[in-house]
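Here's the letter readout for the chains.
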Amino acid sequence: MAANDFLVSKWKIWYKSLDVNHDGTISMEDVEESRQKFSELHHLDAEKKKMVMENFEKWWNEYVFRGKKGEVSETQFIEALQNDYKADKDKFKKQMETCFDTIFDVIDTNKDRSISEDEFLIAFEAYGHENVALDTKFFKAYNPVDGLVPLKDIVASWVDFATSSDATKPSVVKTAFEAGV
Ligand SMILES: [Ca+2]
Ligand SMILES: [Ca+2]
């Protein structure tokens, strides 16, 4: 069965959220801008920066471009997700788990398996979501304890966002983006 309108509407939000330079299309420019900004904001040394540059590109190629060369339209992005979803829902869910596990592992720069407010804000700013008040509200929606949210909770919220077809279930991620993040 194909993904319903609710799930497709979230994939469209996801697409828009990855258009780092807000020009309407996802291209290599978005990869470049996000990984440069991420490295600068974290003041990464040359060795760590190199790793981030490689890890970001690998993630974008695998989960965003999905075989397309350096540019993917919203239609192509939705179609690729829809195809994988239709083919095998369990496999699709596993793929999304790996997808968000991988990117939040990069975002967790101090490798404590938690996301701090600072790590969260830097990641969202690097991805072109520069409204600090809205980003902070988004982070606080995870009910941080001592300023930290377990990485697995953030990953779970994104997996739910990218895979759940249940429109009655509230989504922290969807709510945040609809509020303007
Ligand atoms: Ca773009
Ligand atoms: Ca951390």
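Residues numbered from 1 in each chain as written. Chains lettered and ligands numbered in written order. Predicted model: local features only at pLDDT ≥ 70, side-chain atom pairs only at ≥ 80, totals over all residues.

Within an unreviewed UniProt entry, the label attached to the chain reads Sarcoplasmic calcium binding protein, and the organism entered is Ruditapes philippinarum.

Some words on the overall build of the chain
A count of helical and extended segments in the chain gives 9 helices and 4 strands. Going residue by residue from the N terminus, the α and β elements of the chain occur as α-β-α-α-β-α-α-β-α-α-β-α-α. A compact globule built from 181 residues should have a C-alpha radius of gyration of about 16 Å, and the chain, at 16 Å, falls within 12% of that. Along the longest, intermediate and shortest principal axes, the C-alpha atoms of the chain span 45 × 35 × 30 Å. Across the 181 residues of the chain, 25% fall into the buried class. Nonlocal contacts in the chain, meaning residues at least 24 apart in sequence, comprise 65% of its contacts between residues at least 6 apart. (Helix = DSSP H or I, 4+ residues; strand = E, 2+ residues; numbered from the N terminus. Rg over C-alpha atoms; globule rule 2.2 N^0.38 Å. Buried ≥ 20, exposed ≤ 12 C-beta atoms within 10 Å, placed from the backbone. Contact = placed C-beta atoms within 7 Å.)

A look at the environment of Glu 178
Topologically, Glu 178 is positioned in helix 9 (residues 172–178). Linking Glu 178 and Val 8, residues 170 residues apart in sequence, is a C-alpha distance of 15 Å.

As for the nonpolar core
In this structure, Ile 115, Ala 123, Ile 154, Val 155, Trp 158 and Val 159 are the most contacted members of the largest nonpolar core, which totals 36 residues. With 7 residues, the single largest contributor to this core is helix 8 (residues 151–163). Apart from the residues within four sequence positions on either side, Ile 115 is in contact with Phe 104, Ile 107, Asp 108, Phe 120, Val 149, Leu 151 and Ile 154. (Core = buried A, V, L, I, M, F, W, Y, C linked by C-beta atoms within 7 Å.)

Brief notes about the UniProt feature "domain: EF-hand" (unreviewed entry) in the chain
Those residues carrying the UniProt feature "domain: EF-hand" (unreviewed entry) are residues 6–41 and 95–130 in this numbering. Annotation note: span residues 6–41, helix share 72%, strand share 6%, distance between end C-alpha atoms 35 Å. For the annotated span residues 95–130, helix accounts for 64% and strand for 8% of the residues, and the straight-line distance between the end C-alpha atoms is 28 Å. (UniProt positions renumbered as here; feature names shortened; annotations may be inferred.)

Comments concerning the packing of helix 6 (residues 117–126) against helix 7 (residues 132–140)
For the pair helix 6 and helix 7, the least separation of the axes is 10 Å and the interaxial angle reads 130 degrees. In terms of axis orientation, helix 6 runs oblique to helix 7. For helix 6 against helix 7, the interelement crossing comes out right-handed. Across from Glu 117, Phe 120, Leu 121 and Phe 124 in helix 6, the residues of helix 7 making contact are Val 132, Asp 135, Thr 136 and Phe 139. For the contact of helix 6 with helix 7, the class distribution of residues is 5 nonpolar, 1 polar and 2 charged. (Axes fitted to C-alpha atoms, helices over the stretch in contact; angles between N-to-C directions. Parallel < 35°, antiparallel > 145°, perpendicular 65-115°, else oblique. Left-handed = near helix turned anticlockwise from the far one by under 90°. Nonpolar A, V, L, I, M, F, W, Y, C, P; charged D, E, K, R; others polar.)

With respect to the environment of His 22
Assignment of secondary structure puts His 22 in the loop between helix 1 (5–17) and strand 1 (26–27). Expressed as a C-alpha distance, the spacing of His 22 and Glu 117, which sit 95 residues apart in the sequence, is 24 Å.

Quick word on helix 7
Residue pairs spaced three or four apart in an α-helix point in one direction, given the helix's 3.6 residues per turn. Where helix 7 is concerned, the buried positions are Asp 135, Phe 138 and Phe 139. The buried residues of helix 7 all sit within an arc of 100 degrees when viewed along its axis, so they share a single face. Turned more than 90 degrees away from the buried face of helix 7, the exposed residues are Ala 133 and Lys 140. Elements that come into contact with the buried residues of helix 7 comprise helix 6 and helix 9. (Arc of directions from axis to C-beta.)

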